[in-house]
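# Inside the fold
The chain contents come next:
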Amino acid sequence: MKHFFSSWFFLAVLSLQFFCSESLQEAKSPGDIIIGGLFPIHESVDAKEQCNRFSVARLTQSLIMVHAIEEINRSGELGNITLGYHLVDSCGDVTTALRNSLRFMKRNGNFNTDSKQQSSPPVMAVIGDYHSEISMAVTRQLNMEKIPQISYGATSGLLSDKTRFPSFLRTVPEDDHQAQAIIQILKDHNWNWVGIVATNGEYGRYAVERLQHHAASQDICFAYIKFLPEFLVDSNLEDNLRDTVKSVIENQNVSVVVSFAKPSHMRYMFDNVLKDHRGRKKVWIASDNWSQAVDCLNTTRWNLKDVGTVFGVTLKSGNSSRFERFLRNLTNNSDQYENKNSFLMEFLKGNDDSNNGSNTSIEFKIDRLVNMTYLYAILSIELAVKAIAQTVKDLCVTKKCDISTLQPGEFRDALKKVKVSLDGINYSFNKHCDVDSGYDIIMWRYLSGTTLDMNYQVGHYDIKQDRLMVTSEINNLYHQTKKVSSRCSVCYPGEMKVRRYGQPVCCYECKKCPENFYSNTTGLYYTTVKFNEK
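Attention here is on the structure that accompanies the text. Quick caveat, the model's predicted, so the values are computed rather than measured.

## Focus on the overall build of the protein
The helix and strand tally for the protein stands at 16 helices and 24 strands. Across the 534 residues of the protein, 55% fall into the buried class. Put simply, of all contacts in the protein between residues at least 6 apart along the chain, 69% involve residues at least 24 apart. Carbon and sulfur atoms provide 47% of the accessible area of the protein, an area that totals close to 23500 Å².

## Topic: the nonpolar core
M65, F260, W284, W290, L369 and W444 are the most contacted members of the largest nonpolar core, which totals 137 residues. Considering every element that reaches this core, the biggest residue donor is helix α14 (residues 375-398), with 15 residues. If we ignore the near neighbours within four places in the chain, the residues touching W284 are V248, V257, M266, M269, F270, V273, W290, V307, T309, V310 and F311. Core analysis: the second largest hydrophobic core is formed by 16 residues, L38, A97, M105 and L142 among them.

## A few points about the state of the cysteines
As enumerated under the stated definition, the model contains five disulfides in all. With its sulfur 2.0 Å from that of its partner, C51 forms a disulfide with C91. The disulfide joining C51 to C91 has a torsion of about 95° about its S-S bond and is therefore right-handed. Here the residue C51 occupies a position in strand β4 (residues 51-54), and C91 occupies one in the loop between β5 (83-89) and α4 (94-101), the gap between them amounting to 40 residues. Exposure remark for C91: the relative accessible area of 1% places this residue in the buried category.

## Details of helix α5 (residues 132-142)
Among the eleven residues in α5, eleven count as buried, and that is most of the element. All of the buried residues along α5 are S132, E133, I134, S135, M136, A137, V138, T139, R140, Q141 and L142.

## Some words on empty space enclosed by the protein
Tallied over the full model, the rule gives four cavities of 30 Å³ or more. Empty space within the largest cavity amounts to approximately 90 Å³. The wall of the largest cavity is formed by 13 residues, among which Y130, H131, S132, Y203 and N289 lie closest to the centre. For the second largest cavity, the calculated volume is near 50 Å³.

## What about the environment of W444?
Among the secondary structure elements, W444 is positioned in the loop between β16 (439-443) and β17 (445-448). When its relative accessible area of 5% is taken as the criterion, W444 is described as buried. For the pair W444 and F311, spaced 133 residues apart in the sequence, the C-alpha separation amounts to 6.8 Å. Discounting residues that sit within four places of it in the chain, W444 has contacts with W290, S291, C296, L297, L304, V310, L452, D453 and M454. Reaching out from W444, the side chain makes a polar contact with the backbone oxygen of S291 at a distance of 2.8 Å.

## Thoughts on the layout of surface pockets
Taken as a whole, the second largest pocket spans an internal volume of roughly 460 Å³. Within the residue set of the lining of the second largest pocket, elements represented by two or more residues are β15 (425-428) and β19 (457-462). For the lining of the second largest pocket, the leading source of residues is β15, giving four residues. For the lining of the second largest pocket, a count of residues per class yields nine nonpolar, seven polar and six charged.

## Observations regarding the packing of aromatic side chains
Counted by the stated rule, this structure contains twelve aromatic pairs. Ring centres of Y439 and Y461 lie 6.4 Å apart, and the angle between their planes is 40°; this geometry places the pair in the tilted category. Of this pair, Y439 sits in strand β16 while Y461 sits in strand β19, and the two are 22 residues apart along the sequence. The pair Y439 / Y461 is uniform in exposure class, with both members buried. Members of the aromatic cluster, connected to one another through ring pairs, are F39, Y130, Y152, Y374 and Y376. For R58, the ring lying beneath its charged end belongs to Y130, and the centroid distance is 4.1 Å. Looking at R445, its charged tip hangs above the ring of Y456, at a distance of 3.7 Å from the centre.

## So, unusual backbone geometry
Of note, the bond from G128 into D129 is cis; its omega dihedral lies within 30 degrees of zero at -15°. With respect to the helices, strands and loops of the structure, D129 is situated in the loop between β6 (125-128) and α5. Phi at E49 is positive, roughly 65°, even though this residue is not glycine. Along the chain, the position of E49 falls in the loop between β3 (42-45) and β4. A positive phi angle, near 60°, is found at K146, a position not held by glycine. Relative to the assigned elements, K146 resides in the loop between α5 and β7 (149-151).

## Looking at the packing of helix α3 (residues 56-75) against helix α11 (residues 321-333)
One way to put it is that α3 packs onto α11 with a least axis distance of 10 Å and a crossing angle of 100°. When the axis of α3 is compared with that of α11, the two are roughly perpendicular. Between α3 and α11, the contacting residues are T60, L63, I64, V66, H67, E70 and E71 on the first element and R322, F323, F326 and L327 on the second. Classifying every residue of the contact of α3 with α11 by side-chain character gives six nonpolar, two polar and three charged.

## A look at the environment of P148
With respect to the helices and strands, the residue P148 is situated in the loop between α5 and β7. When the C-alpha positions of P148 and D413 are compared, they lie 8.9 Å apart, and in sequence the two are 265 residues distant. Ignoring any residue separated from it by four or fewer positions in sequence, one finds P148 in contact with M124, A125, V126, S167, L169, P408, F411, R412 and L415.

## Focus on the sheet that holds β5
Strand order across the open sheet formed by six strands is β1-β5-β2-β6-β7-β8, with mixed pairing between neighbours. On the outer flanks of this sheet lie β1 (27-29) and β8 (168-170), each paired with one strand and no other. Across the sheet, the mean angle separating the axes of adjacent strands is 20° when strand polarity is ignored. Strands in contact with α5 are β2 (33-39), β6, β7 and β8; relative to β7, the strand with the most contacts, it is inclined by about 165°.

## Things to note about the side chain of S156
Tracing the sequence through the fold places S156 in the loop between β7 and β8. Here S156 is in contact with S132, M136, R170, D175, E202, Y203 and Y206, once residues within four sequence places are set aside.

Conventions and cut-offs
Residues numbered from 1 in each chain as written. Predicted model: local features only at pLDDT ≥ 70, side-chain atom pairs only at ≥ 80, totals over all residues. Heavy atoms only, no water. Helix = DSSP H or I, 4+ residues; strand = E, 2+ residues; numbered from the N terminus. Buried < 20%, exposed > 50% of the residue type's maximum accessible area, 1.4 Å probe, protein only. Contact = heavy atoms within 4.5 Å. Areas by Shrake-Rupley, 256 points an atom, 1.4 Å probe, with all protein chains shown as cover. Core = buried A, V, L, I, M, F, W, Y, C linked by side-chain atoms within 4.5 Å. Disulfide = S-S within 2.5 Å. 1 Å grid on protein atoms, 1.4 Å probe; cavity = no way out; pocket = protein on both sides within 12 Å on 5 of 7 lines; lining within 4 Å. Points joined across faces, edges and corners; volume = space filled by probe spheres on them. Polar contact = N/O pair within 3.5 Å; in protein donor to acceptor, adjacent residues only side chain to side chain. Nonpolar A, V, L, I, M, F, W, Y, C, P; charged D, E, K, R; others polar. Phe/Tyr/Trp six-rings, centres within 6.5 Å; stacked < 30°, edge-to-face > 60°. Lys NZ or Arg CZ within 6 Å of the ring centre and 35° of its normal. Axes fitted to C-alpha atoms, helices over the stretch in contact; angles between N-to-C directions. Parallel < 35°, antiparallel > 145°, perpendicular 65-115°, else oblique. Pairing = 2+ DSSP bridges.

The structure is reproduced here in structure tokens:
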């Protein structure tokens, strides 16, 4: 992917509005200051560029934003100022995201571009997208009008470059920290011969590069590194997936696989890896991309014993109680969103492609929304809304700004400096406009029957201390996995390591110690201790 979009590209994207005749799905609510929202509510586009694969989880994330804004307005903390919202779908596709996010800008043909008629863009800030690849494109487009974008999930370290992305902020850490957390899990278990699977986009490539960087200083090696096409419509996807599955199955001394893939890729991986007994009972270390994705394992076909052990690195969790009450209340008051939120109405009325003929009662639908609520999204999206609201308060309540002339550039500069408190914890953006909130470490387990619990915390990673901490009460469970071996070579006491020419540092031969010498530790390199002579 090219690092810079030329001006002709933007002109081409801007012109799309005149040729796109399909009606845009959206969610809108009026207010004095409008916040844009960009969510992959549909996860992909088909060959005809129609959005498909409706995601209940991403719909839920868009509702977290709606709920947070409604809470701010009810609290009265902004005085007479109200926040509104305008949500659109990125469909997990860069071109679609660019086209739909044009509605956030003055340059959009649906708005009068005469500066005397419209002095500021339709929105003051945008929350989203989840994906790094999409966020990079959209923030460049929004930056044409200095509109700040706050992502709740785009973690590629490339976005920390404020020279290239001056209007991009995020309420999550960048992926270099996630790579360090994974390295500490590997080091803690003495695993040094590991496989890697990732998607071939900005997120996957950067995460793998940082993992390799930190692994080098810890003598951790990678038996294979497999990249899968970023998008499901890619013609090479099936061939790449087959090749990756083959590597997982045939490398029998690789018991641990680190994956930065997407949930849809992992579902295919598990369905094919687990067909072969050699692909079962491994340890999978899941990145935040799929560590809590309930649909990546077909539990009607496979169980967790087939898979083995799944460690997950997740973004820090938020308090779900308030949001769950909001969802439960939709049972009786969903009508208020009838003309405001076409995504929600599509889902509640059973017109989305996620239904598959299942129970269509509204109670069942609400249960699905609750069950598909990711706790990390609650914190990161609520934090984004809170940061915007606090900036409005700083500029327009404390300093009495003129909302009609407030410009996104001024708002962006204030947003970068804002300090907010959420659930008793203070947050602020660092110099790269990231929030270093840290990570939770989880392990998959069964709650009952075939219901997987993907929120079971076994530890957390503190970014400031660069330290992995395991929760004391499950210390024994966590360390049971230390019985798993994932090493290219192992030398035992009485043997010494001898390097193999042209092989990774983790792969070596083991030779018996010379006469009258011994080694008293596993894995010594040319190091022996001489017997005392009498």
